[in-house]
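Reading the structure
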Amino acid sequence: MTAQLRTDPLNVYLNDHLTGAFGGSALARRMADTHPHRARASALRQLALDVEQDRDDLVRIMNRLGVPVRHYRTWLGVAGERLARLKPNGTLVRRSPLSDLIELETMRVGVEGKAALWRALRAIADQDARLDPDDLDRLAQRADEQARLLNGWHHEVSVNVLAPHGAGYHRSAPTG
C-alpha cells in the first residue's frame, strides 16, 4: 500500500469514523444488556442493532469506495469502549447511576458524529458515482432519529442522577 493511500483524507476520515463505530456499537450493546428496566432495555437493544447496522453500512461504503478497513483501528474502538468502563464514577464495587448519564452522553456524541459523517459523504455524492445519495440521506435520517431518542432520555436521566435530594430526587431509572 502506498503512503498516499494511507494519508488520503477520505481514507483517514472513514477509518476514524469506523473506529468510533466499533466503540459505539460495543457501548450500545453493553448499555442494552445491562439496563435494569425492561422497556428502556428493549429500546436500547433496538438502538444497538441500528448502530451495528450503521457500522456495517459504513464498511460497505468503504468497500465500494476502495478504502481499506484498518482492522487494528476497529480493535482500538472496542478496546477504547472497554477502557472507558474504568472511569472513576463515585463507586468502586457497583455500577454508579452517573455511569448511565456518561454513557448516554457518549452515545449522543457518537450519533451526532455519525450524522455528520453521512452528511459529509452526501456532500460529495454528486461528484462520486460510487456513493448513493438516497442511501446517505436514509442513513442521516436514521442518525437524526437516534439522536432524538437519546436526547429525549437525556433529560430524564439527568434529573434522576443529578437533582439534589430535596428537589424530588430519586435514584430509580426511568422506565420509558
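Cut-offs and rules
Residues numbered from 1 in each chain as written. Predicted model: local features only at pLDDT ≥ 70, side-chain atom pairs only at ≥ 80, totals over all residues. Heavy atoms only, no water. Helix = DSSP H or I, 4+ residues; strand = E, 2+ residues; numbered from the N terminus. Buried < 20%, exposed > 50% of the residue type's maximum accessible area, 1.4 Å probe, protein only. Contact = heavy atoms within 4.5 Å. Areas by Shrake-Rupley, 256 points an atom, 1.4 Å probe, with all protein chains shown as cover. Salt bridge = Lys/Arg side-chain N within 4 Å of Asp/Glu carboxyl O. Patch = residues over 30% accessible without salt bridge, like charges linked within 9 Å, V, L, I, M, F, W, Y side chains within 5 Å. pLDDT = per-residue confidence, 0-100. Expected span 1.5 Å × (residues − 1). Axes fitted to C-alpha atoms, helices over the stretch in contact; angles between N-to-C directions. Parallel < 35°, antiparallel > 145°, perpendicular 65-115°, else oblique. Left-handed = near helix turned anticlockwise from the far one by under 90°. Nonpolar A, V, L, I, M, F, W, Y, C, P; charged D, E, K, R; others polar.

The helix and strand inventory of the protein stands at six helices and zero strands. Starting at the N terminus and ending at the C terminus, the protein contains elements arranged as α-α-α-α-α-α. Evaluated residue by residue, the protein yields a buried proportion of 42% over its 176 residues. Across the protein, contacts joining residues at least 24 apart in sequence account for 73% of those joining residues at least 6 apart. For the protein, the accessible area works out to roughly 9700 Å², and carbon and sulfur atoms hold 58% of it.

Looking now at the pattern of salt bridges. Evaluated as defined, the whole model comprises 15 salt bridges. One salt bridge in this structure joins aspartate 137 and arginine 122, with 3.0 Å as the shortest N-O distance. Taken as a pair, aspartate 137 in helix 6 (residues 133-162) and arginine 122 in helix 5 (residues 97-125) lie far apart in primary sequence, 15 residues in all. By relative accessible area, arginine 122 is classed as partly exposed at 27%. Note that arginine 138 is salt-bridged to aspartate 135, the shortest N-O span being 2.5 Å. Taken as a pair, arginine 138 and aspartate 135 lie in helix 6 at a separation of three residues, close to a single helical turn. For arginine 138, a relative accessible area of 38% translates into the label partly exposed. Each of Asp54, Asp57, Arg60, Lys114, Asp135, Arg138 and Arg142 takes part in one network of salt bridges that share partners.

Attention shifts here to a nonpolar patch on the surface. On the surface, Leu98, Ile102 and Leu162 cluster together into a nonpolar patch covering about 240 Å² of accessible area. Note on placement: isoleucine 102 falls in helix 5. Residue classification places isoleucine 102 among the partly exposed residues on the basis of a relative accessible area of 33%.

The subject of this paragraph is the confidence of the model for the protein. Keep in mind that low pLDDT regions are not for reading the predicted coordinates in detail. For the protein, the average pLDDT comes to 81, and 75% of its residues sit at 70 or higher. When pLDDT is averaged over each helix and strand of the protein, the minimum, 52, is found for helix 4 (residues 71-84) and the maximum, 94, for helix 6.

With 29 residues, helix 5 should reach 42 Å at 1.5 Å per residue; the first-to-last C-alpha distance of 43 Å fits that figure. When helix 5 is considered as a whole, its buried residues turn out to be Ser99, Leu101, Glu103, Leu104, Met107, Val111, Lys114, Ala115, Leu117, Trp118, Leu121 and Ala125. Buried residues belonging to helix 5 abut helix 2 (9-34), helix 3 (38-65) and helix 6.

All right, on to the packing of helix 5 against helix 6 then. How two helices sit against one another is set out by the angle between their axes and by the gap between those axes. Where helix 5 meets helix 6, the closest approach of the two axes is 8 Å, and the angle between their N-to-C directions is 160°. Classified by the angle their axes make, helix 5 and helix 6 are roughly antiparallel. Once helix 5 is placed against helix 6, the crossing between them reads as left-handed. Its residues assigned to classes, the contact of helix 5 with helix 6 comprises 21 nonpolar, four polar and nine charged.

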